[in-house]
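# Topology and contacts: notes
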Amino acid sequence: MLPGELYFALESQAWTGGMAFYDPNVDDQMAARAYLVTAEQFSDIAAQEMYRKPGENLDLGKVLATGRAVMGRGRYETLVCPGYLDGHPVLTFTAPWAMDDVEWNPPAANYLRHLGSGLAEAHGWPSEHIAQYLASRPGAVGHWTAETVAALLESSSRAGLRG
């Protein structure tokens, strides 16, 4: 769990709905999943999300020293280090703006299924807890309910059993 809030905004070209963002300055907790990667691997992942050419290592000095480094004005161009896990810095990227500075946009069903799958694997939460969590995030509220998200997760789970 990271300090801050998950919210949905903008429009994903891949998922056709709101994209997930992290606001580390909100007094809440955001469920997250961590992967142990090298600085070079993180740089490549970040470059892809920033629509930059992979292969150039990011300067992580500022984010490691201050907890935040703005690499550009676009989405996913702000690096954040909210703490450490097992002695390793936790690094992620998000937007340079605050959660309340952008219009929220509900996520697509397939995106919620994808996020729900990750939460189940990372946290071991039951579907009902995942559904309540995702439906209560800004951008999803008013569009998705815990019941409709639970139905998405259940249909995804049943499809996985058949496949």
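Up top you'll find the structure we're talking about.
What comes next concerns the included structure. (Residues numbered from 1 in each chain as written. Predicted model: local features only at pLDDT ≥ 70, side-chain atom pairs only at ≥ 80, totals over all residues. Heavy atoms only, no water.)

### Here we look at the nonpolar core
Note on soluble globular proteins: their nonpolar side chains tend to be buried together. Grouped together as the largest cluster of nonpolar side chains are 40 residues, with contacts concentrated most on Leu-79, Tyr-133, Leu-134 and Val-149. Those elements giving two or more residues to this core turn out to be strand 2 (5-9), strand 3 (19-23), helix 1 (39-49), strand 6 (78-85), helix 3 (109-123), helix 4 (127-135) and helix 5 (146-162). It is helix 4 that provides the largest number of residues to this core, a total of five residues. Not counting the four nearest positions on each side in its chain, Leu-79 is found in contact with Phe-42, Met-50, Leu-58, Leu-60, Val-63, Gly-67, Arg-68, Ala-69, Met-71, Thr-92 and Phe-93. (Core = buried A, V, L, I, M, F, W, Y, C linked by side-chain atoms within 4.5 Å. Buried < 20%, exposed > 50% of the residue type's maximum accessible area, 1.4 Å probe, protein only. Helix = DSSP H or I, 4+ residues; strand = E, 2+ residues; numbered from the N terminus. Contact = heavy atoms within 4.5 Å.)

### Concerning the packing of aromatic side chains
In the structure shown here, the tally under the stated rule is eight aromatic pairs. Pairing Phe-21 with Trp-97 gives two aromatic rings, centres 5.9 Å apart and planes at 55°, and the pair type is tilted. Of this pair, Phe-21 sits in strand 3 while Trp-97 is found in the loop between strand 7 (88-94) and helix 3, placing the two residues 76 residues apart along the sequence. Take Phe-21: its relative accessible area is 2%, and that puts it in the buried class. Measuring from ring centre to ring centre gives 5.4 Å for Trp-125 and Tyr-133, while their planes differ by 65°; the resulting arrangement is edge-to-face. Judged by its relative accessible area of 9%, Tyr-133 falls in the buried class. Aromatic ring contacts, followed pair by pair, group Tyr-7, Phe-21, Phe-42, Tyr-76, Phe-93 and Trp-97 into a single cluster. (Phe/Tyr/Trp six-rings, centres within 6.5 Å; stacked < 30°, edge-to-face > 60°.)

### Structural notes on the pairing of strand 2
With five of its five residues buried, strand 2 lies for the most part within the structure. Of the two faces of strand 2, both are covered, the one formed by Glu-5, Tyr-7 and Ala-9 as well as the one formed by Leu-6 and Phe-8. As paired elements, strand 2 and strand 3 share five bridges and run antiparallel to each other. Looking at the pairing, Tyr-7 lines up with Phe-21 of strand 3. (Pairing = 2+ DSSP bridges.)

### What about the pattern of salt bridges?
Tallied over the entire structure, the rule returns four salt bridges. With a closest N to O distance of 3.0 Å, Arg-33 and Glu-121 form a salt bridge. Taken as a pair, Arg-33 in the loop between strand 4 (29-30) and helix 1 and Glu-121 in helix 3 lie far apart in primary sequence, 88 residues in all. Between Arg-52 and Glu-77 there is a salt bridge whose closest N-O contact spans 3.4 Å. With Arg-52 in the loop between helix 1 and helix 2 (61-66) and Glu-77 in the loop between strand 5 (68-70) and strand 6, this pair connects stretches of sequence that are 25 residues apart. Owing to a relative accessible area of 12%, Glu-77 belongs among the buried residues under this scheme. (Salt bridge = Lys/Arg side-chain N within 4 Å of Asp/Glu carboxyl O.)

### Considering the sheet that holds strand 6
With antiparallel pairing, the three strands of this open sheet are ordered in space as 5-6-7. With partners counted over all chains shown, the strands left at the sheet margins are strand 5 and strand 7, one partner each. Across this sheet, the average inter-strand angle for adjacent strands is 20°, counted without regard to direction. Across the sheet, helix 1 is in contact with strand 6 and strand 7; its angle to strand 7 comes to roughly 10°. (Axes fitted to C-alpha atoms, helices over the stretch in contact; angles between N-to-C directions.)

### Focus: the packing of helix 3 against helix 4
Contact pair helix 3 / helix 4: the axes reach a minimum separation of 10 Å and the direction vectors enclose 130°. Accordingly, the angle class assigned to the pair helix 3 and helix 4 is oblique. The element helix 3 and its partner helix 4 pack so that their crossing is right-handed. Listed contacts from helix 4 to Leu-112, Leu-115, Gly-116, Leu-119 and Ala-120 of helix 3 are Ile-130, Tyr-133 and Leu-134. For the contact of helix 3 with helix 4, the class distribution of residues is seven nonpolar, one polar and no charged. (Parallel < 35°, antiparallel > 145°, perpendicular 65-115°, else oblique. Left-handed = near helix turned anticlockwise from the far one by under 90°. Nonpolar A, V, L, I, M, F, W, Y, C, P; charged D, E, K, R; others polar.)

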